[in-house]
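# Commentary on secondary and tertiary structure
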Amino acid sequence: MSESLTYIKHIFDGGTCKNLAEIFEIKHYTPDFTFGPHSHENIEMNYVHTGKCYLKIDGKVIPFKKGDCMILYPNIHHFFFTTKERAVLVQLEFKLGIFPQMAPVLELEKNLLFLYQLLTNSQQVIKISNNDEINRVIQKAVKELNEKKRNYRIITRLYFAELFILISRELDKKLKFTGLKINPKAEALLQHIQNNYYQNIDLEQFALKMGVSSRHLRKLFKLNFGISPVSYLLEFRINKALELLNDPKLNVKEVAFETGFTTPQYFSKKFREITGMSPRKYKKSLFRKI
């Protein structure tokens, strides 16, 4: 039997913890709710059923919206809050101690990456968007734990095994995607965007320099990176803005122009679309006393 199958088998064995889960509930959060900062030994999985919410970790705010799944690793110092919108979360928290003690072997890194990261403390948080399978299993596990029907402990451990596999697949996809051989023209455009995001990007001119049509270059970029050049540029600018907003010396208007936006109003509109809050609100959340 391979090490990976052995680990899956261990999920059905008893560990040092009696409780299968510490928290298993549907939680409603009011607007402007805050909690933390705090940390715990639990593995925390939250499916955002409704609304928007935010995690603050190491000074960075991570937005979550309906359909997102947030997975927090144990002992990570974090702060949770909502803004104007309420949020409904399906919450599942459990300790690794519900399983027998396991060692992080190399085969595990290849086949069950999520469990390997848990055992090696090599990650803080995962954000997974629009994965209906993972969200559905979290909800089913919470339902079983609440209803406690006959053999609920067995079926809940089945759901834990399924979650470990599904989350590992999601992590594998990201690793494989970054490991693909990239088309040189698509990579050149990627570098051009990253080096010149703060100014106007003329795709037609750049395609001409590459000796291809802009339509073909857009197609190559999407094929290699899974996103259009325009969408990537916008996300790259917003990510740079998130970094710059950490600087108390820079105001929102200055950040807008430094990241290539033509007006502060357009910057605020796009920032809100991607993060779920205005740049001012985000900046305020960074420097709120917690």
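Residues numbered from 1 in each chain as written. Predicted model: local features only at pLDDT ≥ 70, side-chain atom pairs only at ≥ 80, totals over all residues. Heavy atoms only, no water.

Take the overall build of the protein chain next. Check the secondary structure of the protein chain and you find 12 helices and eight strands. Looking at the protein chain as a whole, 46% of its 290 residues are labelled buried. At a minimum sequence separation of 6, the contacts of the protein chain that also span at least 24 residues come to 76%. Accessible surface, the protein chain as shown: approximately 15,900 Å² in total, 52% of it carbon and sulfur. (Helix = DSSP H or I, 4+ residues; strand = E, 2+ residues; numbered from the N terminus. Buried < 20%, exposed > 50% of the residue type's maximum accessible area, 1.4 Å probe, protein only. Contact = heavy atoms within 4.5 Å. Areas by Shrake-Rupley, 256 points an atom, 1.4 Å probe, with all protein chains shown as cover.)

Attention now moves to the pairing of strand S6 (residues 78–81). Burial along S6 is two-sided: His-78 and Phe-80 facing one way and Phe-79 and Phe-81 facing the other are all buried. As paired elements, strand S2 (residues 34–38) and S6 share three bridges and run antiparallel to each other. Bridge pairing in S6 links His-38 to His-78. Relative to S6, strand S3 (residues 43–57) is paired through three bridges, and the arrangement is antiparallel. Across the sheet, the residue bridging to Tyr-54 is Phe-81, located in S6. (Pairing = 2+ DSSP bridges.)

Let's shift gears to the nonpolar core. Among the nonpolar cores identified, the biggest contains 49 residues, and Met-45, Leu-92, Phe-94, Phe-114 and Ile-167 are the most heavily contacted of them. Elements represented by at least two residues in this core include exactly S3, strand S4 (60–65), strand S5 (68–72), strand S7 (87–94), helix H3 (113–120), strand S8 (125–129), helix H4 (132–147) and helix H5 (152–178). For this core, the leading source of residues is H5, giving eight residues. With residues near it in sequence (within four places) discarded, Phe-94 still touches Leu-20, Ala-21, Glu-22, Asn-42, Ile-43, Met-45, Phe-99, Phe-160 and Phe-164. (Core = buried A, V, L, I, M, F, W, Y, C linked by side-chain atoms within 4.5 Å.)

On to the pairing of S3. A regular strand places its side chains so that they alternate between the two faces of the sheet. Of all the 15 residues making up S3, 12 are buried; the element is thus mostly covered by neighbouring parts of the structure. Here four bridges tie S3 to S5, and the two strands are oriented antiparallel to one another. The residue of S5 that forms the bridge with Glu-44 is Leu-72. Across six bridges, S3 lies against S4 in antiparallel orientation.

Turning our attention to the environment of Ser-228. Relative to the helices and strands, Ser-228 resides in the loop between helix H8 (214–225) and helix H9 (229–244). Distance from Ser-228 to Leu-217, taken between C-alpha atoms, is 9.9 Å for residues 11 residues apart in sequence. Excluding residues that lie within four positions of it along the chain, Ser-228 makes contacts with Phe-221 and Lys-222.

The buried count for H3 comes to six of eight residues, which makes it a mostly enclosed element. By the burial criterion, the buried members of H3 are Leu-113, Phe-114, Leu-115, Tyr-116, Gln-117 and Leu-118. Immediately downstream of H3, the backbone of Asn-121 shows phi near 50°, a positive value.

Next up on the list: unusual backbone geometry. Across residues other than glycine, the phi torsion is negative in most instances, and most of the peptide bonds are trans. Gly-36 connects to Pro-37 through a cis peptide bond whose omega is 5°. Assignment of secondary structure puts Pro-37 in strand S2. Not every positive phi belongs to a glycine, and Asn-130 is a case in point at roughly 55°. In this fold, Asn-130 is placed in the loop between S8 and H4. With a phi angle near 50°, Lys-148 is a residue other than glycine that sits in the positive phi range. Relative to the elements of secondary structure, Lys-148 occurs in the loop between H4 and H5.

Evaluation of the coordinates by the stated rule reveals 17 aromatic pairs. When the centroid spacing of 5.1 Å and the interplanar angle of 50° are considered together, the rings of Phe-261 and Phe-267 count as tilted. In this structure Phe-267 comes out as buried when scored by relative accessible area, which is 0%. Three or more aromatic residues joined by ring pairs form one cluster here, namely Tyr-73, Phe-94, Phe-114, Phe-160 and Phe-164. Residue placement shows Lys-127 over the ring face of Phe-64; its charged tip is 5.5 Å from the ring centre. Over the ring of Phe-261 we find Arg-237, and its NZ or CZ is 5.8 Å from the ring centre. (Phe/Tyr/Trp six-rings, centres within 6.5 Å; stacked < 30°, edge-to-face > 60°. Lys NZ or Arg CZ within 6 Å of the ring centre and 35° of its normal.)

Attention shifts here to the packing of helix H6 (residues 184–196) against helix H7 (residues 203–210). Two numbers describe a pair of packed helices, the interaxial angle and the distance between the axes. Across the interface, H6 lies against H7 with an axial gap of 11 Å and an inter-helix angle of 140°. One way to sum up the angle between H6 and H7 is to call them oblique. Between H6 and H7 lies a crossing of right-handed hand. Contacts between H6 and H7 pair Lys-185, Ala-188, Leu-189 and His-192 from the former with Leu-203, Phe-206 and Met-210 from the latter. Tallied by class, residues from the contact of H6 with H7 come to five nonpolar, one polar and one charged. (Axes fitted to C-alpha atoms, helices over the stretch in contact; angles between N-to-C directions. Parallel < 35°, antiparallel > 145°, perpendicular 65-115°, else oblique. Left-handed = near helix turned anticlockwise from the far one by under 90°. Nonpolar A, V, L, I, M, F, W, Y, C, P; charged D, E, K, R; others polar.)

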